[in-house]
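Summary of the model geometry
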Amino acid sequence: MPSPLLRTAVATALALGALGLAQPARASSSDGVYTVRVPDGDPHKRSLAPRTTEPFSMVGVTWADPDAALDGTAYVRTRSRASGEWSAWRALDADVRMPESGPDRDHTGVRGGTQPLWTGPSDGVQVRVSGGRLPQGLRVELVDPDGGSEAVQTSVVEPGVPEPGAPEPGVAEPAPGAPSLAGRPTVTARSAWGADESLVKDPPTYTTGTQAMFVHHTAGTNDYTCAQSASIVRGVFLYHVQSNGWNDIGYHFLVDKCGTVFEGRAGGIDKPVLGAHTYGFNTATSSVSVLGDYSTAATNAAVRASVAKVAAWKLGLYGHDPAGTVVLTSGADNGKYQAGQKVTLNRISGHRDGSPTECPGQNLYNDLPEIRALAAKAGTLVAPQPATEPEPEPAPEPALEPDWEGDLAELGIEGVLAR
């Protein structure tokens, strides 16, 4: 007779099968990211049956070859932990490429991947991938940014507060004689959104300055509260490091729909840190990514103002007009430009200006002229002169009481009046 444990296992398997849910076989987890391998097979179609999973709030798909593009579309649907309901099918944005140079490219275990999608608290997933010849080693990445995390602090990097640590030798300093007149924005520090610094294995790499700012969107969902923004940033960090295998989060700054600015890649927000954001143009550029999908949603004034402030301040550190243009050299064949090709770009450009992608979404891309104008205004306003106290008006001479007797004596006529 089968043992009670075996009977329980068989009953569980039958129950999951009746519900259309597969068991989470061949799964592994590491520091907040739980992965499930998608079975190989048909080169044009792969799938992962619906299954119960460990808790997660963000999902993406990665593959073994970091240089391979996903010639097709990955669709996911997820099950809400709160309601038990399954979401509609959603396509993952595959416009992602690894950096062309630096430690992010040199790491072992670097993988290609889609953009991650914020789902909110979930415990079930189903995946379908179809298209041309699909890359090998497809894997579903389930990110739990809040699993076991300690409560994070709410510190911010305030304007005028210096960053800890000194730049490495060769780091370009802000242009002398051309200080930015744009105020330094208030930024939520990495410690505030809960970056696990133990996962960042290599020190930051610095480039020769900041010549341009690329604007992105995370291409996830717009259905989040701003109280969840720190979790989303933490999830993007975990996905970039644990799933893509990069050294750190790819973006320099992130902005939520309430206009809150978050510190991205470590190394100093006022330093020219090499990022992982625009394949072919990571050198000598910075980046800001807005949380959400702006192919479908419109931005708001808070988002546009925050992106403009960040760009004006960062470019202004090196004396650059945020409304101007710059000639950059492509560092890779990225499908839009050839390696070594010189390209004239706006100082504030969209991701799609440098790479073949829809990012940052048509609505945010349409807002870039306004953002450049806001940034130019922020960078050229003359600092107000300190107020001076007005000169006090001279006090009036005190009125003199009449001295009739003295005046008459002076005139020699007092005797006349006396008679």
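Residues numbered from 1 in each chain as written. Predicted model: local features only at pLDDT ≥ 70, side-chain atom pairs only at ≥ 80, totals over all residues. Heavy atoms only, no water.

1. A short note on the overall build of the protein
Helix and strand counts for the protein come out as ten helices and 17 strands. Taken over 419 residues, the protein has a buried fraction of 48%. Split by element, the accessible area of the protein, about 20,000 Å² in all, is 55% carbon and sulfur. (Helix = DSSP H or I, 4+ residues; strand = E, 2+ residues; numbered from the N terminus. Buried < 20%, exposed > 50% of the residue type's maximum accessible area, 1.4 Å probe, protein only. Areas by Shrake-Rupley, 256 points an atom, 1.4 Å probe, with all protein chains shown as cover.)

2. Considerations on the confidence of the model for the protein
Chain-level statistics for the protein give a pLDDT mean of 81 and a share of 72% at 70 or above. Across residues 1-26, confidence stays below pLDDT 50; counting only partners more than four residues off in sequence or on other chains, it has 26 contacts. Confidence over residues 148-155 falls short of pLDDT 50; this stretch has 13 contacts with residues more than four positions distant or in other chains. (pLDDT = per-residue confidence, 0-100. Contact = heavy atoms within 4.5 Å.)

3. Comments concerning the packing of aromatic side chains
To describe a pair of aromatic rings, you give the distance between the ring centres and the angle between the ring planes. According to the stated counting rule, one finds three aromatic pairs in the structure shown. Between tryptophan 193 and phenylalanine 237 the ring centres are 5.7 Å apart and the planes differ by 65 degrees, which places this aromatic pair in the edge-to-face class. Highlighted residues: tryptophan 193 in helix α3 (residues 190-193) and phenylalanine 237 in helix α4 (residues 229-243), separated in sequence by 44 residues. No difference in accessibility class separates tryptophan 193 from phenylalanine 237, as the two residues are buried. (Phe/Tyr/Trp six-rings, centres within 6.5 Å; stacked < 30°, edge-to-face > 60°.)

4. Description of the nonpolar core
Within the largest apolar cluster, 27 residues are counted, with the highest numbers of intra-cluster contacts made by Val215, Phe253, Val288, Val307, Ile348 and Ile371. Other than its neighbours up to four places away in sequence, isoleucine 371 contacts Arg304, Val307, Ala308, Ile348 and Leu364. One finds Trp118, Trp193, Val200 and Tyr251 within the second-largest nonpolar core, a separate group that totals 21 residues. (Core = buried A, V, L, I, M, F, W, Y, C linked by side-chain atoms within 4.5 Å.)

5. Side note on the pairing of strand β3 (residues 45-63)
Bridge count between β3 and strand β7 (residues 117-131): nine bridges; the pairing is antiparallel. Each bridged residue has a counterpart across the sheet, and for phenylalanine 56 the counterpart in β7 is serine 122. Alignment of β3 against strand β8 (residues 139-143), held across five bridges, turns out to be antiparallel. Bridge pairing in β8 places valine 61 opposite valine 140. (Pairing = 2+ DSSP bridges.)

6. Some points on the environment of glycine 124
Examined against the element boundaries, glycine 124 turns out to sit in strand β7. In this structure, the C-alpha to C-alpha distance between glycine 124 and arginine 77, residues 47 residues apart in sequence, is 8.3 Å.

7. Let's talk about the side chain of threonine 114
Among the structural elements, threonine 114 can be located in the loop between β6 (112-113) and β7. In this structure threonine 114 comes out as buried when scored by relative accessible area, which is 1%. Among all residues touching threonine 114, those that are not within four sequence positions of it are Gly60, Val61, Trp63, Leu70, Leu92, Asp93, Ala94, Val96 and Tyr239.

8. A few points about the pattern of salt bridges
Within the structure shown, the criterion is met by nine salt bridges. Among the ionic pairs, aspartate 270 bridges to lysine 271, the shortest N-O distance being 3.0 Å. Here the two residues aspartate 270 and lysine 271 agree in accessibility, since each one is buried. For glutamate 358, the salt bridge is made with arginine 352, and the minimal N-O distance between the two is 3.9 Å. Looking at arginine 352, the relative accessible area reads 15%, which means it is buried. Here the salt bridges do not stand alone but share partners, grouping Arg190, Glu197 and Asp248 into one network. (Salt bridge = Lys/Arg side-chain N within 4 Å of Asp/Glu carboxyl O.)

9. So, the state of the cysteines
The tally for this structure, following the rule as stated, stands at one disulfide. What pairs with cysteine 226 in a disulfide is cysteine 258, and their sulfur atoms sit 2.0 Å apart. Its torsion about the S-S bond being 95 degrees, the disulfide of cysteine 226 and cysteine 258 is classed as right-handed. In this pair, cysteine 226 is assigned in the loop between β11 (212-217) and α4 and cysteine 258 in the loop between β12 (253-255) and β13 (261-263), connecting sequence segments 32 residues apart. Look at cysteine 226 and you get partly exposed, because its relative accessible area is 25%. With a relative accessible area of 47%, cysteine 258 lands in the partly exposed category. (Disulfide = S-S within 2.5 Å.)

10. Quick word on the side chain of serine 289
Of note, serine 289 is situated in strand β14 (residues 285-290). Residue class for serine 289 comes out buried when judged on its relative accessible area of 0%. With near-sequence residues (within four places) excluded, serine 289 lies in contact with His216, His217, Thr218, Tyr251, Phe253, Leu254 and Val255.

11. Thoughts on helix α5 (residues 301-316)
Taking 1.5 Å as the rise per residue, α5 with 16 residues should run 22 Å; its terminal C-alpha atoms sit 22 Å apart, in good agreement. Among the residues making up α5, those that are buried are Val303, Arg304, Ser306, Val307, Ala308, Val310, Ala311, Ala312, Trp313, Lys314, Leu315 and Gly316. Near the N-terminus of α5, the side chain that reaches the backbone nitrogen of alanine 302, with its oxygen 3.0 Å away, is that of asparagine 300. (Expected span 1.5 Å × (residues − 1). Polar contact = N/O pair within 3.5 Å; in protein donor to acceptor, adjacent residues only side chain to side chain.)

12. Comments concerning α4
When the terminal C-alpha atoms of α4 are compared, their 20 Å separation across 15 residues agrees well with the 21 Å that a helix rising 1.5 Å per residue should span. Counted residue by residue, α4 has 13 buried out of 15 residues, so it is predominantly covered. In the stretch just after α4, glycine 245 is the one whose phi turns positive, near 80 degrees.

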